[in-house]
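# Chains, contacts and geometry: an overview
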Amino acid sequence: MMKVVLSNVVNGCRVGSITELGRHGNRVLEFPGCLLYTRCGAAPHLTYDVLQKVDGLPTGAQLTLPTLAEQHHVVQDFQQGIGKFTGMEDFFQYCSVQDPAVREATGYNFNKGVSVWGSGGRIKLEVADFMAIQKAFCPDWYQCLCDGDTTSPDTSNKRLRKSVDRTLNFLDECLEIHQKSQELKGSEILGVIEGGDLLEERLRSARETCKRPVAGFVLDGFQSFAMERETRKNLLKAVLEVLPEDKPRIIHAASRPDEVLEAVECGVDLFDSSFPFQVTERGCALVFPFSKRAASDVSDETMIHSLDDSSQETTENQQTRGLNEDTLPQRTMFEIDLNDREKYAWDFRPVLPGCSCYCCQNHSRAYIHHLLQTGELLARVLLMMHNFHHYFGFFTAIRESLQQGTFQELKATVTQSQGTNCK
Ligand SMILES: [Zn+2]
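Below, the structure is looked at part by part. (Residues numbered from 1 in each chain as written. Predicted model: local features only at pLDDT ≥ 70, side-chain atom pairs only at ≥ 80, totals over all residues. Heavy atoms only, no water.)

We now examine the nonpolar core. Membership of the largest hydrophobic core comes to 100 residues, with the highest contact counts inside it found for Trp141, Phe394 and Ile398. Per-element tally for this core: the top contributor is helix H16 (residues 377-404), with 11 residues. Split by domain, the residues of this core number at least three in each of domain 1 (30-278) and domain 2 (285-298 + 331-417). One finds Leu352, Cys355, Cys357 and Leu372 within the second-largest nonpolar core, a separate group that totals 17 residues. (Core = buried A, V, L, I, M, F, W, Y, C linked by side-chain atoms within 4.5 Å. Buried < 20%, exposed > 50% of the residue type's maximum accessible area, 1.4 Å probe, protein only. Helix = DSSP H or I, 4+ residues; strand = E, 2+ residues; numbered from the N terminus. Domains from an automatic or database assignment.)

Positionally, Asn387 belongs in helix H16. Taking the relative accessible area as the measure of exposure, Asn387 reaches 0% and is therefore buried. A polar contact is formed between the side chain of Asn387 and the side chain of Thr280, at a distance of 2.9 Å. Separated by 3.1 Å, the side chain of Asn387 and the backbone oxygen of Cys284 make a polar contact. If sequence neighbours within four positions are ignored, Asn387 has contacts with Pro276, Val279, Thr280, Cys284, Ala285 and Leu286. (Polar contact = N/O pair within 3.5 Å; in protein donor to acceptor, adjacent residues only side chain to side chain. Contact = heavy atoms within 4.5 Å.)

Counting buried positions along strand E5 (residues 60-64) gives five out of five residues, so the element sits mostly inside the fold. Alternating residues of E5 divide into Gly60, Gln62 and Thr64 and Ala61 and Leu63, and every residue in both groups is buried. In this structure, strand E4 (residues 33-37) lies alongside E5, joined through two bridges in parallel fashion. By the bridge assignment, Leu36 is partnered in E5 with Ala61. (Pairing = 2+ DSSP bridges.)

The subject of this paragraph is the coordination of the zinc ion. Looking at the zinc ion, one finds its protein donor set to be Cys355 (SG), Cys357 (SG), Cys360 (SG) and His386 (ND1), positioned 2.1 to 2.3 Å from the metal centre. Relative to the metal, the four donor atoms surrounding the zinc ion lie at angles of 103 to 113°, and the coordination shape comes out tetrahedral. Read from N- to C-terminus, the donor residues coordinating the zinc ion fall into the pattern C-x1-C-x2-C-x25-H. Each member of the pair, Cys357 together with Cys360, is buried. (Donors = N, O, S within 2.8 Å, 3.2 Å for Na, K, Ca; no water. Tetrahedral: all angles 85-135°; square planar, octahedral: opposite > 155°, others 65-115°.)

Under the counting rule described, the total for this entry stands at 20 salt bridges. One salt bridge connects Arg166 with Asp147, and the closest N-O pair in it is separated by 3.1 Å. Here Arg166, found in helix H5 (residues 157-180), pairs with Asp147, found in the loop between strand E9 (141-143) and H5; they are 19 residues apart in sequence, far enough to count as distant. For the pair Arg166 and Asp147, one class covers both residues: buried. Arg365 serves as the salt-bridge partner of Asp347, at 2.9 Å between the closest nitrogen and oxygen. Pair noted here: Asp347 is in the loop between helix H13 (341-344) and helix H14 (358-362) and Arg365 is in helix H15 (residues 365-373), with a separation of 18 residues, a long-range link. Overall, the relative accessible area of 8% leaves Asp347 in the buried class. (Salt bridge = Lys/Arg side-chain N within 4 Å of Asp/Glu carboxyl O.)

In structure tokens form, the structure reads like this:
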């Protein structure tokens, strides 16, 4: 049976490991940590072999229904589960309802179910459909069907109450099917905390979900764009106080480094890694410092310069590339934009001097810029390798800082590179 072993709790930050995890009871997940973000069950742009070259790989992978639900009859006929189907069975499999990298369309959930958007359009999932997919996939963990359509600022309190009620109803119905299912023996359900920005509903959602036999909790509706950081912090603190300490807490789509550090301080354990994927998709590379060594590497003049003025460029770049915030969130202060000809076309240094990833060891900024300009797929492969490597290293640094009592220093190092105009 899964066990949460807390090795240290410092000012609300939890550090430890989840042991005896998964369908075979032999997995270990360290927290605070992240799950490998996948599309269609595979790491974006990377084959299994290439992925193995990335340091600090999480032991768990996150599957998302929007990229997989349409294939579920094939996986059902395959009969050996989604991990085997995608060649990723070395990873602990966690299936989430929505894709954290994509802003979910609003207004399409209904009393009996939830909509997700696949490549072929809208997929309406009622409890029975949802559970049929889980039986075909046989993930180690899955997020229960939930109504998380609460992120729009004009969501009424009545709608927020409904999100909590519906989600509890889905949980009870799913649990009933789960407990009778042979296929799902060994899989575990995670309950979902909803309620938008209404404290009272968040607490009701947390208290009611705790009463059910769930293996852990997903904190839904805390996406970057959904609320102010102070609101998020206060809600998270209040909700996490209600939840039992011996079950893991996952948050989705709050995976920017500053948000991660704040959520860790509130007591969140697990994050998704959709952020380095989004950075890769816009042709950018993560360069934020998270250790003293990295901080001194970053202090070379060009990089500080590029971090400082990044906000002014964002609008211009987005206009020229025809992107909007919905398809690709704005560039942040944690990255450099390798599409920039003036800065990087003749820059022969690695993406991040001192980085030990495959990309930085073998290639220059000028080369990545060239690959981006010519539309080569290799640009995204190399950027994904670096961005995952950097992001996973960040989580290792968080755990070390909590063990060594240097978390506040880490936080200062990460956030010092940010300007005041960073959202
Ligand atoms: Zn690198």
